[in-house]
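Coordinate inspection notes
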Amino acid sequence: MRAGVWFKALPRIDRVLVDLTIRVADNIHSASLAKCLFAVVGKLEGLLESSVLKSLMLIGRPLAEKISLKAQKLGNTSAKSWAADSSFALFLAIMHTNR
């Protein structure tokens, strides 16, 4: 919900299916219901992964490059690899979006 995927990308029927299942069932015994829920969860997972990758590319990479250049100017020779470090870029993207 926080990423906006719940309402923007999921059809109403998928949202209703998940909401009703959460409200009514403690355990899922139906194989067909389980398959439908797995399909919805798979959609959400794919959409969330793509939003994280998008923020990594749009926010994290440029921040990592800027920080890397500033650190290199200050004399840190190992900072050159920071711009290509995807974990560092992901960290910066997450920190930027959470402030």
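Higher on the page you've got the structure.
What you are looking at is a predicted structure, and each value in this text was computed from that prediction instead of being measured. (Residues numbered from 1 in each chain as written. Predicted model: local features only at pLDDT ≥ 70, side-chain atom pairs only at ≥ 80, totals over all residues. Heavy atoms only, no water.)

Description of the pattern of salt bridges
Applying the stated criterion across every chain yields a total of one salt bridge. Here Asp14 ties to Lys43 by a salt bridge, and the two come within 2.6 Å at their closest N and O atoms. With Asp14 in helix H2 (residues 12-24) and Lys43 in helix H3 (residues 31-73), the pair connects residues that are 29 residues apart, well separated along the chain. (Salt bridge = Lys/Arg side-chain N within 4 Å of Asp/Glu carboxyl O. Helix = DSSP H or I, 4+ residues; strand = E, 2+ residues; numbered from the N terminus.)

As for the nonpolar core
Counting residues in each nonpolar core, the largest one holds seven residues, listed as Val5, Trp6, Leu10, Val18, Leu37, Val40 and Leu44. When residues of this core are traced back to their parent elements, those giving at least two are helix H1 (5-8) and H3. Counting residues per element, this core draws most heavily on H3, which supplies three residues. (Core = buried A, V, L, I, M, F, W, Y, C linked by side-chain atoms within 4.5 Å. Buried < 20%, exposed > 50% of the residue type's maximum accessible area, 1.4 Å probe, protein only.)

Regarding H2
When the terminal C-alpha atoms of H2 are compared, their 18 Å separation across 13 residues agrees well with the 18 Å that a helix rising 1.5 Å per residue should span. Where H2 is concerned, the buried positions are Asp14, Arg15, Val18 and Thr21. Projected down its long axis, H2 shows its buried positions confined to an angular sector of 135 degrees, all on one face. More than 90 degrees from the buried face of H2, the exposed residues found are Arg12, Ile13, Arg23 and Val24. (Expected span 1.5 Å × (residues − 1). Arc of directions from axis to C-beta.)

By themselves, these are just geometric observations and shouldn't be taken as functional.
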